[in-house]
Amino acid sequence: MGKNMITAVNVIEERENGITFFEMKNDELQIRVTNLGCHILSIFAKDRDGKQEDVVLGFEEIEDCKEDGTYMGAIVGRVANRIKGASFELNGKTYKLAVNNGPNHLHGGEIGFDQKIFCYEIIENGILFSCISPDMEEGYPGTLELKVKYLLTGNNLTMEYEAWSDEDTLCNITNHSYFNLSAGKEKIYDHYLKINADKIACVDENCCTTGEFMDVKDTPFDFHDYHKIGERINDDCEQLKLASGYDHSFMVKGDENQLSLYDEKSGRKLTVSTTLPAMQIYTGNFLDEGCNGKQGKPYENRDGVAIEPQFLPDSIHIEKEPKVILRKGEIYKVTTKYIFQVDEQ
């Protein structure tokens, strides 16, 4: 095994309230996380000169996440994204959920996975987090057990999710990290984005998916080839206006490397592979309404771009056979990999 494949995993702080901080480190990446919501706190990645800098947004104080609506770096669920009308029907019964985003339910409710203190176990090359969501928590049926594994091998950060329930329920987990490959030196307008997707899921004025899909060809949503995020973000396009920028699910194709994000000045490139069918791209259109970020600096709009692999948002209301349904006895099992590279030029 090469030197850069050896990953050290250490506890760097334990607090009396149960919140614990960890560092995963090798020759390629240095990653800091916590068991509070499995937040990714920092990812230090090399630029083309070998300088390691932090390429994700985060809070000045982790407890701020409880008062903030940006979900920076957190695991969100039971169901990521929005459920229209904050209710759904399953097996002939209607379930009412927490209303926490206009008239809708967002990212698991008032106290979702982003605010839970997870149990943890340090494992080879990473950390295994786990938690239990009781029956009817935030309105969801069934006692659900979730395991989240963060693994660092070389320049790859892999997230593996497993969940199961003692009753039929809904499950759609994602990580909500915001990336800025310039390490915050610039906004994300000049980041190049490439996505292997022919369609997006359209949204309404509340950013809920409508059940309609738009072909990206000849639109500002066509990222088959690299385009700067800021190149067309202010175009005269109804979908962009409804969301005040990009806040849409791209229905990705292929089994791997469905998305690439590239910062030309630093040379940093992020490639994302997932077993999930969609990636929500959110360009931080409302970040200036959140808490202070690192070093106490308030974040501004477009300071980062969130990349959220997931099932189709509001799948329970849209799909004939909703993938978001987790049946009793089945195992929800998905994997997303983040690969950090450098363009040497």
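Before reading on, note that the structure itself is shown above.
Definitions and cut-offs
- Residues numbered from 1 in each chain as written.
- Predicted model: local features only at pLDDT ≥ 70, side-chain atom pairs only at ≥ 80, totals over all residues.
- Heavy atoms only, no water.
- Pairing = 2+ DSSP bridges.
- Helix = DSSP H or I, 4+ residues; strand = E, 2+ residues; numbered from the N terminus.
- Axes fitted to C-alpha atoms, helices over the stretch in contact; angles between N-to-C directions.
- Buried < 20%, exposed > 50% of the residue type's maximum accessible area, 1.4 Å probe, protein only.
- Contact = heavy atoms within 4.5 Å.

S.K.: Can you lay out the sheet that holds strand β2 (residues 20–25) for me, pointing to particular residues and giving the numbers?
M.R.: Across the sheet, which stays open at both edges, the five strands sit in the order β1-β2-β3-β4-β5 with antiparallel pairing between neighbours. The open sheet has two edge strands, β1 (8–14) and β5 (52–54), and neither has a second partner. Pairs of neighbouring strands in the sheet enclose a mean axial angle of 20 degrees, with direction left out of account. As defined by bridge partners, strand β3 (residues 29–34) adjoins strand β4 (residues 40–46) across five bridges and the pair is classed as antiparallel. Residue pairing in the sheet places Val 33 in a bridge with Ile 40 of β4.

S.K.: Outline unusual backbone geometry, supporting the account with residue identities and numerical values.
M.R.: Of the consecutive residues Gly 77 and Arg 78, the connecting peptide bond is found in the cis state with omega at 20 degrees. Along the chain, Arg 78 turns up in the loop between β6 (75–76) and β7 (82–83). Despite not being glycine, Asn 81 shows a phi value in the positive range, around 70 degrees. Tracing the backbone through its elements, the reader meets Asn 81 in the loop between β6 and β7. For Asn 81, a relative accessible area of 3% puts it in the buried group. Unlike most non-glycine residues, Met 136 shows phi in positive territory, near 70 degrees. Mapped onto the fold, Met 136 is located in the loop between β12 (126–133) and β13 (144–153).

S.K.: Can you break down the side chain of Gln 258 residue by residue, with the values?
M.R.: Its location among the elements puts Gln 258 in the loop between β22 (247–252) and β23 (259–262). Residue classification places Gln 258 among the buried positions, given a relative accessible area of 1%. What Gln 258 contacts, discounting residues up to four positions off in sequence, is Lys 194, Ile 195, Asn 196, Val 252, Lys 253, Val 272, Ser 273, Thr 274 and Met 279.

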